[in-house]
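Summary of structural features
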Amino acid sequence: MRNKELQPEDLRNRCDPESLQFANTKEIEPLTEVIGQPRVFQALELGSEVEGTGFNIFVVGLPDSGRTTLTKDYFIRRAASDPTTDDWCYVENFDDHHAPISLRLPPGQGEVFKREMEELIGQGLRDIKDAFQSQSYREEKTRLTEQLKRKQEKSFNKLQEKVSDHDFELVRTPMGFILQPLLDGKPISQQERSSLSEEQRANIQKTQSELDRDVENTLEAIRRLDREIHENLKGLITKTVQFVIGPLISDLRSKYQDNCSVTHHLDALQEDLVERIVRSRLADKEELDSEVLLTRYGVNVLVDHTEKTGAPVVLESHPTYENLVGRIEHRLSPRGSQTDFSLIRPGALHRANGGYLLLPARDLLLNPQAWNSLKRALRDNNIRLQAQTVKLGTVVTSSLDPEPIPLDIKVILFGTPRLYYLLKENDEDFAKLFKIRAEFATEMDRTADNEHAYALFIKSIADQNDLPPFDNTAVARIIEYGSRVAENQKKLTTRLGKISNLIRESAYWANKGQAALVTSQFVQKAIQMGIYRDNLAEETTAERIKDDTILISVTGEKIGELNALTLLSEIDYEFGSPTRVSAVSRPGDEGVVAIERQAELSGPIHTKGVLILSGFLGERYGQQHTLNLTASITFEQSYAEVDGDSASAAELMALLSSIADIPLRQGCAITGSINQHGEIQAVGAINEKIEGYYRICQAKGLSGKQGVIIPKANVQNLMLFDDVLQAVEEGSFHIWPIERIDEGIPLLTGLEPGEKDKKGNYPPDTFNYHVQKALKSFYEVQKSEDRS
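Rules and cut-offs
Residues numbered from 1 in each chain as written. Predicted model: local features only at pLDDT ≥ 70, side-chain atom pairs only at ≥ 80, totals over all residues. Heavy atoms only, no water. Helix = DSSP H or I, 4+ residues; strand = E, 2+ residues; numbered from the N terminus. Buried < 20%, exposed > 50% of the residue type's maximum accessible area, 1.4 Å probe, protein only. Contact = heavy atoms within 4.5 Å. Areas by Shrake-Rupley, 256 points an atom, 1.4 Å probe, with all protein chains shown as cover. Phe/Tyr/Trp six-rings, centres within 6.5 Å; stacked < 30°, edge-to-face > 60°. Pairing = 2+ DSSP bridges. Axes fitted to C-alpha atoms, helices over the stretch in contact; angles between N-to-C directions. Salt bridge = Lys/Arg side-chain N within 4 Å of Asp/Glu carboxyl O. Disulfide = S-S within 2.5 Å. Core = buried A, V, L, I, M, F, W, Y, C linked by side-chain atoms within 4.5 Å. Expected span 1.5 Å × (residues − 1).

1. Some thoughts on the overall build of the chain
Check the secondary structure of the chain and you find 26 helices and 32 strands. Split into buried and exposed, the 788 residues of the chain put 49% on the buried side. Of the contacts formed within the chain by residues at least 6 apart in sequence, a portion of 77% connects residues at least 24 apart. As displayed, the chain has an accessible area near 39600 Å², and 47% of this comes from carbon and sulfur atoms.

So this is what it looks like as structure tokens:
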């Protein structure tokens, strides 16, 4: 039984640059749609078009899948044809300072309305000042006041004459006017009054009582005249202000007659402005603080769409509560921390209102207040901004409760599959508010159309980042790299973040080399340098193997020892490396024991793989007699937890070698998962494992007989680097695919496996014969011990 080893053309699905039908990316159009994600495209289209509460979108994808960039690009293209969103403003609520009013205006009209209000107040204050300084105003004010003052003087003089005629005088005191009796034209002293007769004192008292009524009536009449003067002045001031400000506001009211909120605000503003000016003039304050008035009657444009078209697309990468819902700023004053409508600041919900808001789910959930506020906004279909009562240790003595703004938005969250399912399982609101799932696939078919789509993507990244064009050899090499990331010759990765990084780094090396075009050599340079930045641990491991700190043999033969191919992982880098699997066996009844399991260093998958070995032995060799076997298997010089079953084929061959006492070729490493019937199953990271072993062999010296045995099912996953391809082509390294463990036996032992006859025996001088013979001897030994 001889296996056909793989040839260089089997080891990588090459892309012919000529098949791309362009010389460089200058000749092709940029990307206009989501690449390789038809399900995502359909979900995004559905979510963006279906009306109703809860039809928001959760985009599911792994990091570097392009989920954020591609989704944002999709909505930017879509939003361009949507109606332009209205502006939103906040203005003073003259009835309740703490509840500012929101105004909705057509796109670009917010700033216009703000300027108009500033001009209205500025012009109005100047005109009002001129009106109060005019000759006609002063004459009218004099006319209204002098006539009434003369009436007051006449009434008071008449009262004084009457009082004097009755030998009294009016004396002003802090408590008001009092009547003082006179004697010979002089006030009567207390001593003089006591010397008067009873009749005289009674007459004085009677006269004083009669005069008191006259004084009270006259003073009341004077007060009425004061009030009349006040009302006349108030009316004059009101009329003057109305005369000046009325036409200015009337012009604006006509312009915005179809916007009830604006006209209502203008009416309220006019009433408030007149009242404040009247109150100020009546208090003898000649001028109001124009800066205060400009603030009070100004417009806070929260969202402005001047010179914008289409709906907004907002990506908020830091979704805190304030960044999402907005904030209310405060200013310090002698009375504490104060605020007003002009200090309201928008959040991402305001900026994206009428369009699309993109948020990273993980960052959003790290801000529970922001997450809860987003859910509340989506449930209520409005944005309610709530002020914080304490901020940075400063007590807020004046806060606001702005009028909520109606919300019409599509929210798109980004997250991993695990985060999506955690939310769906643990947050009862999530499924109601995010009914659309758009899941990014990690790969797509490697067809001619999709290879062309890769080229369009490369051009788009180059154009967006002002990079030099890529020639067809560079595009072909990136396509091949896309298949390597996908770990499949017939697929391309859709983790376009990784591809985008490679594009930028390739352009960097081209620019560094002052090349006008990015060619395949610069792409290869970028790949190699990316590996070099991350592979320090791989080099360290290789050095320890080369100097025999870690014992790995790549030449000769050994019983019960074999090189398995394993994957080692750093934070950002994975690499393959051989590890020695050893097995020892003897008669007994303990079965196959994994030392890692006994040492509690075995993960559940590895434990399962070892148990499968017992099933294989029983199925193949336990038909004629009981298996009386005690064997132990271990990964030598391994001190961390071991998991996975990709070394189970190596463990089986080491075990069988130990039982049969037949050596294994150390130059042949093997990877593969085995089942109870001896079938070899595919494993992951096959490229890294092969390359890792090749480089160890290269470091210790290539003999021309080294190679790896892999599952045949993994051949489609091969996208190996050039150095391995060259070694295979030169015959200094070999790769053999197998479907069953029997196919690997000749490669590892030089013996044929042998097939059972009808009695269950294997032909002499075959590998299985020696295993069967050894197990039979174990049985006899154990049987003999049992008798004794």
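2. Let's talk about the packing of aromatic side chains
Per the stated rule, a full pass over the model turns up 18 aromatic pairs. Seen in terms of ring centroids, Tyr74 and Phe75 are 5.1 Å apart; in terms of plane orientation they differ by 80°. Their pairing is edge-to-face. An identical accessibility class is assigned to Tyr74 and Phe75; each is buried. Between Phe132 and Tyr137, the ring centres sit 5.0 Å apart and the planes meet at 65°, which makes this aromatic pair edge-to-face. For Tyr137, a relative accessible area of 6% gives the class buried.

3. Describing the sheet that holds strand 31 (residues 707-711)
Spatially, the seven strands line up as an open sheet ordered 25-26-24-23-28-31-32, and their pairing is mixed. Of all the strands in the sheet, just strand 25 (591-594) and strand 32 (734-738) have a single pairing partner and so form its edges. For this sheet, the mean inter-axis angle between neighbouring strands, taken without regard to orientation, is 30°. As judged from the four bridges shared by strand 25 and strand 26 (residues 629-635), these two strands associate in the parallel manner. Along strand 26, the bridge assignment pairs Ala594 with Ile633. Its contacts with the sheet put helix 22 (residues 648-660) on strand 23 (561-569), strand 24 (574-587), strand 25, strand 26 and strand 28 (668-670), and the angle it makes with strand 24 is roughly 30°.

4. What about the pattern of salt bridges?
Per the counting criterion, the structure on display carries 31 salt bridges. Of the charged contacts in the structure, one is a salt bridge between Lys700 and Asp548, with a shortest N-O distance of 3.2 Å. Of the two residues, Lys700 is situated in helix 23 (residues 686-700) and Asp548 in the loop between helix 19 (536-546) and strand 22 (557-559); the sequence distance between them amounts to 152 residues. For Asp548, a relative accessible area of 44% translates into the label partly exposed. One salt bridge in this structure joins Glu739 and Lys712, with 3.9 Å as the shortest N-O distance. Here Glu739, found in the loop between strand 32 and helix 25 (741-749), pairs with Lys712, found in the loop between strand 31 and helix 24 (722-730); they are 27 residues apart in sequence, far enough to count as distant. Assessed through its relative accessible area of 45%, Lys712 is described here as partly exposed.

5. Some details on the sheet that holds strand 7 (residues 300-303)
Pairing is antiparallel in the open sheet, where three strands are placed in the order 3-2-7. In this open sheet, the two strands that pair with only one neighbour each are strand 3 (101-105) and strand 7. With direction set aside, neighbouring strand axes in the sheet form an average angle of 30°. Across three bridges, the pairing between strand 2 (residues 87-91) and strand 7 is antiparallel. If you follow Trp88 over to strand 7, its bridge partner there is Val303.

6. Observations regarding the state of the cysteines
For the structure shown, the criterion picks out zero disulfides. This cysteine, Cys697, is not joined by any disulfide, and Cys668 carries the nearest cysteine sulfur, 9.3 Å off.

7. A short note on the nonpolar core
Membership of the largest hydrophobic core comes to 54 residues, with the highest contact counts inside it found for Ile35, Tyr454, Phe470, Ile478 and Ile503. For this core, the element with the highest residue contribution is helix 15 (residues 448-464), accounting for eight residues. Not counting the four nearest positions on each side in its chain, Tyr454 is found in contact with Ile35, Met444, Ile478, Ile479, Gly482, Leu492, Thr493, Leu496 and Ile499. Listed in part, the 45 residues of the second largest apolar core include Val610, Leu613, Ile680 and Leu747.

8. Details of the environment of Gln386
Along the chain, the position of Gln386 falls in the loop between strand 14 (382-383) and strand 15 (390-391). Residue Gln386 is classed as partly exposed on the basis of its relative accessible area of 44%.

9. Focus: the environment of Ile328
By the element assignment, Ile328 lies in strand 9 (residues 327-328). Separated by 109 residues in sequence, Ile328 and Leu219 place their C-alpha atoms 54 Å apart.

10. Considerations on helix 17 (residues 496-512)
The terminal C-alpha atoms of helix 17 lie 24 Å apart, and with 17 residues this matches the ideal 24 Å at 1.5 Å per residue to within 8%. Those residues of helix 17 that fall on the buried side of the exposure criterion are Leu496, Gly497, Ile499, Ser500, Leu502, Ile503, Ser506, Ala507, Trp509 and Ala510. Its buried side turned inward, helix 17 meets helix 2 (67-79), helix 15, helix 16 (472-486), strand 21 (491-493) and helix 18 (520-534).

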